[in-house]
Amino acid sequence: MNTMYMSVTERYREIGTLKCLGALDSFVVRLFLLESVFIGAVGSALGALGGFLLTLFQIGVTLEFGLIGAGQVMRTLAQTGPPAFAGGTALTVLAAIYPTIAAARMKPVDAMRVEV
Amino acid sequence: MSKREIVRTQEVWKTYFMGSEEVHALRGISVSVEAGEYISIMGPSGSGKSTFFNMVGGLDKPTSGEVYIDEVDISQLGIYELAWLRCRKIGYIFQTFNLIQVMNALENVSLPMVFAGLGADESRDKAAALLARVGLGDRLTHRPIEMSGGQQQRVAIARALANDPAIILADEPTGNLDLKTGREIIDLLTEMKEERNVTIITATHDHKMLAASDRVIWFTDGQVTRIQNREDLDIRVGTIGGAEEA
């Protein structure tokens, strides 16, 4: 959540510039939300991959590595992957909504005055 | 032949509230600018010149009083209309250039045209022509990070002209540039004014700007203390004749 907040505040000046060029608030909001979808998706994919591998490892440790067959792998992937991916992406977007809308509504003069 | 008043302010006040204290950044400013003029707004920090500048550029609204841009009272405009105004009627140039870092010169200059609804090809062609006019025809695909300050400001000027605005607003355009480059930029702005009959309004500390200006408006403490025409400016090395009078 902090990452998304920082991403938006670092870009205040850019938002101010865009508004000076005639961008509407809705445009800025869409731009940043789209960005948050990408960031969320990539981050969640990596996280899901990591979680999946860790789970496999844990199974191997508790049972025995030799017992892990293709079926087990697929089941683990199905159980850990999608929820982690979807959940992570959704959370990222949700976290971005508040700062994005607040930033998009800023008057250009205020957006550019911010010294970051 | 009477000239059109492109900008007119009437008793404009801007008040900020710092806690319980009232701070008057602008105290009843009434000024008018004719189309095609080159106006410099000068004054020390805190004099209200930046605040006034923001008013005139549709970036901020007065607490009281009216600001007319081409006879339209901007305090009556909604957000869509203001965005339209910023896109089509006014071009902005900043001290820090404010180019989009991830886009190259061509893309930066095309951006306002995209917002104005121009097609991709048309905006690219026009952007290329503008960049050639400001002397950057060989740098179309360069990004801001690959350019010097002066070159970035040239891109900014090209971008400001993208939608053929009536007014160019320049906030300390030479602030981050050395002496020689600053002069080049001022000359370029003057050329653009002559060629396209745009009104140029700058807020500046730079005394080099004075020789290029048709009129200079001096601000102190939220009020206009002096308006000088070019003939009255006595620019000697180190002094601006009469400017220190209250």
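Since we're looking at a predicted model, the values are computed, not measured.

### Observations concerning the interface of chain B and chain A
Piece 1. Contacts between the two partners involve 19 residues from chain B, matched on the other side by 17 residues from chain A.
Piece 2. Both faces considered, chain B and chain A share a buried interface measuring about 1,600 Å² in area, 69% of it formed by carbon and sulfur atoms.
Piece 3. Taken as a group, B:Leu59, B:Arg86 and B:Phe115 account for 32% of the area that chain B buries against chain A, more than any other trio of residues on that side.
Piece 4. For the pair chain B and chain A, the interface holds zero salt bridges.
Piece 5. On inspection of chain B and its partner chain A, the count reaches one residue pair in polar contact (both at pLDDT 80 or more).
Piece 6. Among the elements of the structure, α2 (79–89) and α3 (105–115) of chain B are those that each provide at least two residues to the side of chain B that touches chain A.
Piece 7. Looking at which element gives the most residues to the side of chain B that touches chain A, the answer is α2(B), with five residues.
Piece 8. Its residues assigned to classes, the side of chain B that touches chain A comprises 12 nonpolar, four polar and three charged.

### Some thoughts on the packing of aromatic side chains
All names here are of chain B.
Piece 1. Throughout the structure, instances matching the rule amount to three aromatic pairs over all chains.
Piece 2. On the basis of an interplanar angle of 40° and a centroid distance of 5.1 Å, the ring pair of phenylalanine 52 and phenylalanine 219 is categorised as tilted. Of the two residues, phenylalanine 52 sits in helix α1 (residues 49–56) while phenylalanine 219 sits in strand β9 (residues 215–220), which places them 167 residues apart along the sequence.
Piece 3. The exposure class of phenylalanine 52 is buried, given its relative accessible area of 3%.
Piece 4. Taking the ring centre of tyrosine 68 as reference, the NZ or CZ of arginine 8 above it sits at 4.4 Å.

### Here's the deal with the confidence of the model for chain B
Residue and element names in this part refer to chain B.
Piece 1. Taken as a whole, chain B shows an average pLDDT of 87; of its residues, 93% reach a score of 70 or greater.
Piece 2. No element of chain B has a lower mean pLDDT than strand β12 (residues 239–240), at 49, and none a higher one than helix α5 (residues 149–160), at 94.
Piece 3. Note on residues 241–246: pLDDT under 50 across the span, and six contacts to partners over four residues away in sequence or across chains.

### A short note on the environment of B:Thr96
Piece 1. Inspection of the secondary structure puts B:Thr96 in the loop between β6 (90–93) and α3.
Piece 2. A sequence separation of 76 residues divides B:Thr96 from B:Glu172, and the C-alpha atoms of the two residues are 8.7 Å apart.
Piece 3. Not counting residues within four places of it along the chain, the set of residues in contact with B:Thr96 comprises A:Arg13 and B:Asn176.

### Describing helix α6 (residues 179–196) of chain B
All names here are of chain B.
Piece 1. Taking 1.5 Å per residue, 18 residues should reach 26 Å; α6 reaches 26 Å between its end C-alpha atoms and fits that length.
Piece 2. Along α6, the residues that are buried comprise Thr181, Gly182, Ile185, Ile186, Leu188, Leu189, Met192 and Lys193. All buried residues of α6 project into a common sector of 160° when viewed along the axis, lining one side. Counted as exposed and oriented over 90 degrees from the buried face of α6: Leu179, Lys180 and Glu194.
Piece 3. At its buried positions, α6 is contacted by β3 (38–42), β6, α4 (120–133), α5 and β8 (199–204).
Piece 4. Capping the start of α6, aspartate 178 holds a side-chain oxygen 3.1 Å from the backbone nitrogen of lysine 180, two or three residues further along.
Piece 5. Count one or two residues on from α6 and you reach asparagine 197, which has phi positive near 55°.

Reading the values: rules and limits
- Residues numbered from 1 in each chain as written.
- Chains lettered and ligands numbered in written order.
- Predicted model: local features only at pLDDT ≥ 70, side-chain atom pairs only at ≥ 80, totals over all residues.
- Heavy atoms only, no water.
- Contact = heavy atoms within 4.5 Å.
- Buried area = accessible area lost by both parts, 1.4 Å probe.
- Salt bridge = Lys/Arg side-chain N within 4 Å of Asp/Glu carboxyl O.
- Polar contact = N/O pair within 3.5 Å; in protein donor to acceptor, adjacent residues only side chain to side chain.
- Helix = DSSP H or I, 4+ residues; strand = E, 2+ residues; numbered from the N terminus.
- Nonpolar A, V, L, I, M, F, W, Y, C, P; charged D, E, K, R; others polar.
- Phe/Tyr/Trp six-rings, centres within 6.5 Å; stacked < 30°, edge-to-face > 60°.
- Buried < 20%, exposed > 50% of the residue type's maximum accessible area, 1.4 Å probe, protein only.
- Lys NZ or Arg CZ within 6 Å of the ring centre and 35° of its normal.
- pLDDT = per-residue confidence, 0-100.
- Expected span 1.5 Å × (residues − 1).
- Arc of directions from axis to C-beta.

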